[in-house]
Amino acid sequence: MTKLLKSRELLLSGIIILMIAGFATRAEGFAEPGNLANIFNDTSILIMLALAQMTVILTKSIDLSVAANLAFTGMAVAMTNAAFPDLPLVALIVMALGIGAFLGSINGFLVWVLQIPPIVVTLGTLTIYRGMAFVLSGGSWVNAHQMTPTFLNVPRTVLLGLPVLSWVAILVVIGMGFLLTRTPFGRSAYASGGNPVAAVYAGIDIGRTRFFAFVLSGAMAGLCSYLWVSRYAVAYVDIANGFELDSVAACVIGGISIAGGIGSVAGALLGSLFLGVIKNALPVIGISPFAQMAISGIVIILAVVFNARAEAKKGRIILRDRASAEVTA
Amino acid sequence: MSQTHSTHEPAAPRRAIPDRLGTPVSRVLASWEVLLFGVAVVIFIANSLASPYFLDAWNLSDATFNFTEKAMIAFAMALLIIAGEIDLSVAAIIALASTAMGAAAQIGVGTPGLVLIGIGTGLACGAFNGMLVSVLKLPSIVVTIGTMSLFRGISYIVLGDKAYGGYPDGFAYFGQGYLVWVFSFEFGLFLLTAAVFAVLLHATNFGRQVFVIGNNEFAARFSGVPVERVKFILFLLTGLMSGIAAVCLTSRLGSTRPSIAQGWELEVVTMVVLGGVSILGGAGTIAGVVIAAFVMGLVTFGLGLLNVPGIVMSIFVGLLLIVTIALPIVARRIKQASRS
């Protein structure tokens, strides 16, 4: 199992390196460290959201409301910054984390206590949160000149050769790696998605694990909301529209099973980088940015086909294979 | 989707098994459809009290355009969800079918040709989804997230930031024509497709197979149900209905942009779930979806008359979805708690 996962991630890294090398032959300087650092910085937010999405998917759920959560929280943070420029940045970040986690806990509560299927809950909250962003702002924008310089500059300050935004992503990757592989919560997340029946017998509260996965996902959306608003220096209702599907796509490409229980931090990281490299390469090699959507569609489909083949090797499906063989026989 | 609920979770049973069934009358009264119908009536009365313009035959006729196209897709989607699958690419199929029709209109294809191209594109997209799910046995939720990007992405490649217009005059009938008095062609088509799908789901062998697959795919296989073929046909039907919806919508708007019908997949799924179809598969009725279509249409139209912006309406739709699903669960909890 570990061997399989390892080879899979190696393969994905290989593909990404090949892609970068290929693009470098078409566009000079594409593979230079400075440009690669730019791509990483550009992909940072997707990486963080994909890791949060992965935690939720591991528990056999899905969070379609992350982007809407990001839009609402980002709007709230930007408006607070515009209204109270004296408030320290730390307070704003704590506020973003708090609002995000609260919105996430609403999802978690509905899934845990009322046992409504996650896809229905987050489909509903997706429209509600984005609608609330409109109600909050009245449809108006918060522009760069209304934000304080500190608010705008911190994520782009360069430390040891990388912007703070990139460093935050790196810290999140390390933190998530620790959380998922070295803590009871992480192991519970894998267990409640991998085999819910066994998880219950092992004393794991599946509902509670899902609840905390949603809270984590919400808090991450909150953190990303500040980073997003600061990076693009604008907040409006439609920011990050459709980004929830990008985060799911990054997970799927990274080999995280949509059925829960399978996936690694490295996979989500590589899946995000894969999408990030393509997104940054298209304009450089002269393909219309309008082609990006179709390309990511094809990539997702191919990744699912590939995942299905990798998962078919597992022992768990032996019974079903035999059953279907008996049926056809 | 099918993988997600093939293993049985040790959660509370979906429905408590009563010692004896209630009388037929009480069972009908307690059914989801009747509850939803009550909600529709309440919204109707509230609307007519809130706005003096609501109770007007032409206004009500206009209101039907809010849901007829989405509902046509919702009928096919209901069957798909009952069978334990889902199609999130329906709105993208509309975009692609509309783009194909627009491209054909530019080179002078007539109305019948355009309709055929629209429906044909829908069928082709449905067949593609169906093939990925039933032949390659992939989970439909991820597959259709992928095809959603692919189909709409092709529209973006073809159109970019431009738009197609210049449809032939006769083409306008499908989205703008009226059969008699205030009854539009689209509303007629909505009623017709509702009837066809109701018969298909509730009165044919095929419909029973859909229910069996949704309840227990494993048992269905052992009972000789051609699971893969049924699923393929369901995706084909969803593609077909998306193609028909594309014809109506394109005809109504008279132009095509790649962002056409953006976000409709979520509204269609909301309509289906609101109609009492279990998102876990295995249960649901077409009547429920029909009433849900009216409820959503009435809510958005009533709020529109009160000058509520579209995005705020979506809050109500989202709340409606969660509350209608949560309420029966909460009610059952309270009932159980008071009994023990």
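Residues numbered from 1 in each chain as written. Chains lettered and ligands numbered in written order. Predicted model: local features only at pLDDT ≥ 70, side-chain atom pairs only at ≥ 80, totals over all residues. Heavy atoms only, no water.

Remarks on the overall build of chain B
And then number 1: The helix and strand inventory of chain B stands at 15 helices and two strands.
And then number 2: Whereas a compact globule of 340 residues would reach a radius of gyration of roughly 20 Å, chain B reaches 21 Å, a difference of no more than 12%.
And then number 3: Within chain B, the fraction of its 340 residues that count as buried is 53%.
And then number 4: The contacts of chain B with a sequence gap of at least 6 include a subset with a gap of at least 24, amounting to 78%.
And then number 5: Taken as two groups, the 18 positive and 15 negative side-chain charges of chain B have centres that lie 11 Å from each other. (Helix = DSSP H or I, 4+ residues; strand = E, 2+ residues; numbered from the N terminus. Rg over C-alpha atoms; globule rule 2.2 N^0.38 Å. Buried < 20%, exposed > 50% of the residue type's maximum accessible area, 1.4 Å probe, protein only. Contact = heavy atoms within 4.5 Å. Lys, Arg positive; Asp, Glu negative; His and termini not counted. Charge placed at Lys NZ, Arg CZ, Asp CG, Glu CD.)

A short note on the overall build of chain A
And then number 1: Each helix and strand counted, chain A has 14 helices and two strands in total.
And then number 2: Here the C-alpha atoms of chain A give a radius of gyration of 20 Å, agreeing with the 20 Å that 2.2 N^0.38 yields for 329 residues.
And then number 3: The C-alpha extent of chain A, read off along each of the three principal axes, is 70 × 55 × 35 Å.
And then number 4: Per-residue burial over chain A gives 58% buried out of 329 residues.
And then number 5: A separation threshold of at least 6 residues defines the contact pool for chain A, and within that pool the share at least 24 residues apart is 79%.
And then number 6: With an accessible surface of roughly 13,700 Å², chain A has 69% of that area assigned to carbon and sulfur atoms.
And then number 7: Within chain A, the 13 negative side-chain charges are centred at a point lying 10 Å from the centre of the 19 positive side-chain charges. (Areas by Shrake-Rupley, 256 points an atom, 1.4 Å probe, with all protein chains shown as cover.)

Details of the interface of chain B and chain A
Many descriptions give the size of an interface as the accessible area lost when the pieces come together.
And then number 1: Taken together, the contacts link 52 residues of chain B with 46 residues of chain A.
And then number 2: Taken together, the two surfaces of chain B and chain A that pack against each other cover about 4,200 Å², and 83% of this comes from carbon and sulfur.
And then number 3: The tally of links from chain B across to chain A stands at zero salt bridges.
And then number 4: Our count for the chain B to chain A interface comes out at two residue pairs in polar contact (both at pLDDT 80 or more).
And then number 5: Of all the secondary structure elements, the ones that give two or more residues to the side of chain B that touches chain A are helix H6 (111–135), helix H7 (140–159), helix H11 (217–222), helix H13 (264–274) and helix H15 (310–339) of chain B.
And then number 6: Here the residues of the side of chain B that touches chain A sort into 35 nonpolar, twelve polar and five charged. (Buried area = accessible area lost by both parts, 1.4 Å probe. Salt bridge = Lys/Arg side-chain N within 4 Å of Asp/Glu carboxyl O. Polar contact = N/O pair within 3.5 Å; in protein donor to acceptor, adjacent residues only side chain to side chain. Nonpolar A, V, L, I, M, F, W, Y, C, P; charged D, E, K, R; others polar.)

Regarding the packing of helix H8 (residues 184–194) of chain A against helix H10 (residues 206–232) of chain A
Pairs of packed helices are described in terms of their axes, by the angle between the two and the distance that separates them.
Residues and elements named next belong to chain A.
And then number 1: Where H8 contacts H10, the axes come no closer than 10 Å and their chain directions differ by 115 degrees. The angle between H8 and H10 falls in the class roughly perpendicular. In this structure, the crossing between H8 and H10 has a hand that is left-handed. Facing Phe-185, Ser-188, Ala-189 and Ser-192 of H8, the residues of H10 in contact are Ile-206, Thr-209, Arg-210, Phe-212 and Ala-213. (Axes fitted to C-alpha atoms, helices over the stretch in contact; angles between N-to-C directions. Parallel < 35°, antiparallel > 145°, perpendicular 65-115°, else oblique. Left-handed = near helix turned anticlockwise from the far one by under 90°.)

Some remarks on the environment of Glu244(A)
All names here are of chain A.
And then number 1: Tracing the chain through its elements places Glu-244 in helix H11 (residues 243–253).
And then number 2: Owing to a relative accessible area of 9%, Glu-244 belongs among the buried residues under this scheme.
And then number 3: Between the C-alpha atoms of Glu-244 and Arg-156, which are 88 residues apart in sequence, the distance is 24 Å.
And then number 4: With near-sequence residues (within four places) excluded, Glu-244 lies in contact with Gln-53, Leu-64, Val-66, Ala-67 and Leu-126.

A short note on the side chain of Thr125(A)
And then number 1: Among the structural elements, Thr125(A) can be located in helix H5 (residues 118–137).
And then number 2: At a separation of 2.8 Å, a polar atom in the side chain of Thr125(A) contacts the side chain of Asn107(A).
And then number 3: If sequence neighbours within four positions are ignored, Thr125(A) has contacts with Ser65(A), Asn107(A) and Ile322(B).

Observations regarding the pattern of salt bridges
Pairing between side chains becomes possible if they bear opposite charge and their charged atoms approach one another.
And then number 1: Within the structure shown, the criterion is met by nine salt bridges over all chains.
And then number 2: A salt bridge links Arg231(A) to Asp42(A), with the nearest nitrogen and oxygen atoms 2.4 Å apart. Placement of Arg231(A) in helix H10 and of Asp42(A) in helix H2 (residues 33–58) is noted, with a sequence separation of 189 residues between them.
And then number 3: A relative accessible area of 28% means that Arg231(A) is categorised as partly exposed.
And then number 4: Of the charged contacts in the structure, one is a salt bridge between Glu217(B) and Lys231(B), with a shortest N-O distance of 3.2 Å. Of the two residues, Glu217(B) is situated in helix H11 and Lys231(B) in helix H12 (residues 227–253); the sequence distance between them amounts to 14 residues.
And then number 5: For Lys231(B), a relative accessible area of 4% puts it in the buried group.
And then number 6: Salt bridges here are not isolated pairs; linked through shared partners, they connect Glu85(B), Glu217(B), Arg221(B), Glu228(B) and Lys231(B).

Considerations on the nonpolar core
And then number 1: Within the largest apolar cluster, 214 residues are counted, with the highest numbers of intra-cluster contacts made by Met48(A) and Met54(A).
And then number 2: With 14 residues, H2(A) is the single largest residue contributor to this core. (Core = buried A, V, L, I, M, F, W, Y, C linked by side-chain atoms within 4.5 Å.)

Examining the packing of aromatic side chains
And then number 1: Per the counting criterion, the structure on display carries 27 aromatic pairs over all chains.
And then number 2: When the centroid spacing of 5.4 Å and the interplanar angle of 75 degrees are considered together, the rings of Phe211(A) and Phe212(A) count as edge-to-face.
And then number 3: Residue classification places Phe212(A) among the partly exposed positions, given a relative accessible area of 38%.
And then number 4: Consider the rings of Phe75(B) and Phe197(B), whose centres lie 6.3 Å apart with planes at 35 degrees: the pair is tilted. (Phe/Tyr/Trp six-rings, centres within 6.5 Å; stacked < 30°, edge-to-face > 60°.)

Brief notes about the environment of Val305(A)
And then number 1: Structurally, Val305(A) can be placed in helix H13 (residues 292–311).
And then number 2: Discounting residues that sit within four places of it in the chain, Val305(A) has contacts with Leu136(B) and Leu138(B).

Digging into the UniProt feature "transmembrane region" (unreviewed entry) in chain A
Residues and elements named next belong to chain A.
And then number 1: As recorded in UniProt, the feature "transmembrane region" (unreviewed entry) lies at residues 39–59, 90–112, 119–138, 158–181, 210–229, 250–278 and 290–310.
And then number 2: As annotated, residues 119–138 comprises 95% helix and 0% strand, and the C-alpha atoms at either end are separated by 28 Å.
And then number 3: For residues 210–229, the helix share is 100%, the strand share is 0%, and the end-to-end C-alpha distance is 28 Å. (UniProt positions renumbered as here; feature names shortened; annotations may be inferred.)

Here we look at helix H4 (residues 68–82) of chain B
Residue and element names in this part refer to chain B.
And then number 1: Its 15 residues place the ends of H4 21 Å apart at the C-alpha level, agreeing with the 21 Å of an ideal helix rising 1.5 Å per residue.
And then number 2: At Phe-75, H4 shows its maximal bend, which comes to roughly 25 degrees.
And then number 3: The element H4 is largely enclosed, with a buried count of 15 among its 15 residues.
And then number 4: Downstream of H4 by a residue or two, Gly-84 has a phi angle that is positive, lying close to 90 degrees. (Expected span 1.5 Å × (residues − 1). Bend = angle between axes of the 7 residues up to and from the residue.)

Some details on the confidence of the model for chain A
Residues and elements named next belong to chain A.
And then number 1: Looking at chain A as a whole, the pLDDT averages 88, with 92% of positions reaching at least 70.
And then number 2: Here residues 315–319 is modelled with pLDDT under 50, and outside its nearest four sequence neighbours on either side it reaches two contacts, counting other chains as well.
And then number 3: The model gives residues 321–329 a pLDDT under 50, and that stretch makes four contacts with residues more than four places away or in other chains. (pLDDT = per-residue confidence, 0-100.)

Quick word on the UniProt feature "transmembrane region" (unreviewed entry) in chain B
Residue and element names in this part refer to chain B.
And then number 1: Those residues carrying the UniProt feature "transmembrane region" (unreviewed entry) are residues 34–55, 75–97, 109–132, 138–159, 179–201, 232–254, 266–299 and 311–331 in this numbering.
And then number 2: Taken end to end, residues 179–201 has its terminal C-alpha atoms 27 Å apart, with 74% of it in helix and 17% in strand.
And then number 3: A distance of 16 Å separates the end C-alpha atoms of residues 266–299, which is 68% helix and 0% strand.

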